[in-house]
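Survey of secondary and tertiary structure
Each chain, letter by letter, is given below.
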Amino acid sequence: MDRSKLRQFANLLVRVGGNVQPGQPVVVGCDVANAGIARLIAECAYDAGASEVIMNWSDEVCSQMKFLRAEEKVFDVYPDWAVRRFGHWDESGAAYLHVDSDDPDLMKNVAPERLRRHGIASSLATKEHMRAVMANSVRWSVIGAPSGAWAAKVFPGVPGEEALERLWEAIFEASRMNEGPDPVETWRRHNENFKARLDFLNGHKFRALKFRNSIGTDISVELPEGHVWCGGGDRARDGILFNPNIPTEEVYTMPLKSGVNGRAVGSKPLQFRGKLIENFELIFRDGKVVSYKAEKNGAILKNILENDEGASYLGEVALVADTSPIARMGLMFYNTLFDENAACHFALGKAYPSCIEGGGDKSEEELRDLGANDSLVHEDFMVGTADMSITGVSRDGTETPVFVRGDFISI
């Protein structure tokens, strides 16, 4: 891959993703196998004026080794030093930039109970840091960069180097890197293009949305009073615009925890810790999943739903046109960062505080009183199709089309 294109990609993460400011520390999270792109990110961050770039390296091979070989007791513990480190970085105003390159099948042979216990321990220990992230108290951004195993999963049977090149090209296409000579300017326009949809949805202040399609989704999702639709760039607590996800095509808000009723059918497999949950559906009553089934890996879906009380309720509803660049490619990336931007989706678990007026300044109890769901998990699953229809229901019962045949109405 051409180094100048890779540097443009790294610069996009720095300038648009985290929007690094002069004098700001930067924490780069990356697997050691992608050290090259991480170093380009560091170079661009220093060029943007970063005071220091801290490399928070990971090694997925060693991570897999731990889950397969370590003593049982380690999966119920998260080290205090790691918690203190996040606290220090948060207090120093660091921007968090993360490169996602995980092998989708990495954990497929790991006992699900080990993964579940580790997930609970780490989520509880880092709860304050994750609250800061989800409330946009800190700036953060995630991009994807290929690994050999990931490329082989997306392009089975294709020789290694060719598969890597094809995945790079798919990531560039999904991230709108090919739409002009200056990706930063392309993303400025992309962020502006969200405005009309956000103005339409926030202006209507719908009481509920009704989703229907031909594969069986038929569900009503109530929205709390004071909900806010977000999309594209977000404003951090310091007022600076940043893009948490590159790519992003969604507009999203929080549902009323107790206000979801009907049937949601997965339109794409749900990738979870190395396993695919396929051909699944969820039945909701008064917000809670009361029954579910899956043709493959239903036990994994059960583990997600039973993670804690909030895991069986929704925390996000997101609208994505079937005409998005990722949808047009028709690829299954086996990576939520990309696959969620191919279709409308919901998320089980925690709601984003930024999706309700003044949510970033409210306590967990205050958010719950307003109808926001709380959980240690946040798992997206896709429901959108080319024939998805979405209707907005106003407080007075008036119904307004939002989606027709998988796309937004002309707004």
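Quick look at the structure, then. (Residues numbered from 1 in each chain as written. Predicted model: local features only at pLDDT ≥ 70, side-chain atom pairs only at ≥ 80, totals over all residues. Heavy atoms only, no water.)

Considerations on the overall build of the chain
When helices and strands are tallied, the chain shows 14 helices and 20 strands. Within the chain, the proportion of its 411 residues that are buried is 54%. A fraction of 75% describes how many contacts in the chain between residues 6 or more apart in sequence connect residues 24 or more apart. Taken as a whole, the chain presents about 17,300 Å² of accessible surface, with 49% of it coming from carbon and sulfur. A gap of 2 Å separates the mean positions of the 46 positive and 60 negative side-chain charges of the chain. (Helix = DSSP H or I, 4+ residues; strand = E, 2+ residues; numbered from the N terminus. Buried < 20%, exposed > 50% of the residue type's maximum accessible area, 1.4 Å probe, protein only. Contact = heavy atoms within 4.5 Å. Areas by Shrake-Rupley, 256 points an atom, 1.4 Å probe, with all protein chains shown as cover. Lys, Arg positive; Asp, Glu negative; His and termini not counted. Charge placed at Lys NZ, Arg CZ, Asp CG, Glu CD.)

Focus: the state of the cysteines
The full count for this structure, using the stated rule, is zero disulfides. In this structure Cys62 is not part of a disulfide, and its nearest cysteine sulfur, from Cys30, lies 15 Å away. Given the relative accessible area of 43%, Cys62 is considered partly exposed. Take Cys344: it sits in no disulfide, and the sulfur closest to it among the cysteines is that of Cys355, at 15 Å. Take Cys344: its relative accessible area is 1%, and that puts it in the buried class. (Disulfide = S-S within 2.5 Å.)

A look at the pattern of salt bridges
All told, the structure shown has 28 salt bridges when counted by the stated rule. We note a salt bridge from Asp105 to Lys153, for which the minimum N-O separation is 3.2 Å. Of this pair, Asp105 sits in the loop between strand 3 (95-100) and helix 5 (112-125) while Lys153 sits in helix 7 (residues 148-154), and the two are 48 residues apart along the sequence. Through salt bridges with shared partners, one network takes in Arg3, Arg7, Glu43 and Asp47. (Salt bridge = Lys/Arg side-chain N within 4 Å of Asp/Glu carboxyl O.)

Let's talk about the pairing of strand 13 (residues 275-285)
Across four bridges, strand 11 (residues 260-265) lies against strand 13 in antiparallel orientation. From the neighbouring strand, Gly262 faces strand 13, where its bridge partner is Phe284. Note: strand 12 (residues 270-272) against strand 13, three bridges, orientation antiparallel. Counted as the bridge partner of Phe272 is Lys275 from strand 13. Linking strand 12 back to strand 13 in an antiparallel pair, the connection comprises two residues, with Arg273 at a positive phi of about 50 degrees. Two strands pair when backbone bridges link them, and strand 13 and strand 14 (residues 288-296) are joined in this way by seven bridges, in the antiparallel orientation. Across the sheet, the residue bridging to Ile283 is Ser291, located in strand 14. Hairpin connection, strand 13 to strand 14: the antiparallel pair is bridged by two residues, and Asp286 has positive phi, about 50 degrees. (Pairing = 2+ DSSP bridges.)

Quick notes on helix 2 (residues 35-47)
With 13 residues, helix 2 ought to run about 18 Å at 1.5 Å a step, and its terminal C-alpha atoms sit 18 Å apart, in line with that. Taken residue by residue, helix 2 has Ala35, Ile37, Ala38, Leu40, Ile41, Ala42, Cys44 and Ala45 as its buried positions. On its buried face, helix 2 is in contact with helix 1 (3-17), strand 1 (25-31), strand 2 (52-58), strand 3 and helix 8 (160-174). Within two residues after helix 2, Gly49 carries a phi angle of roughly 105 degrees, on the positive side. (Expected span 1.5 Å × (residues − 1).)

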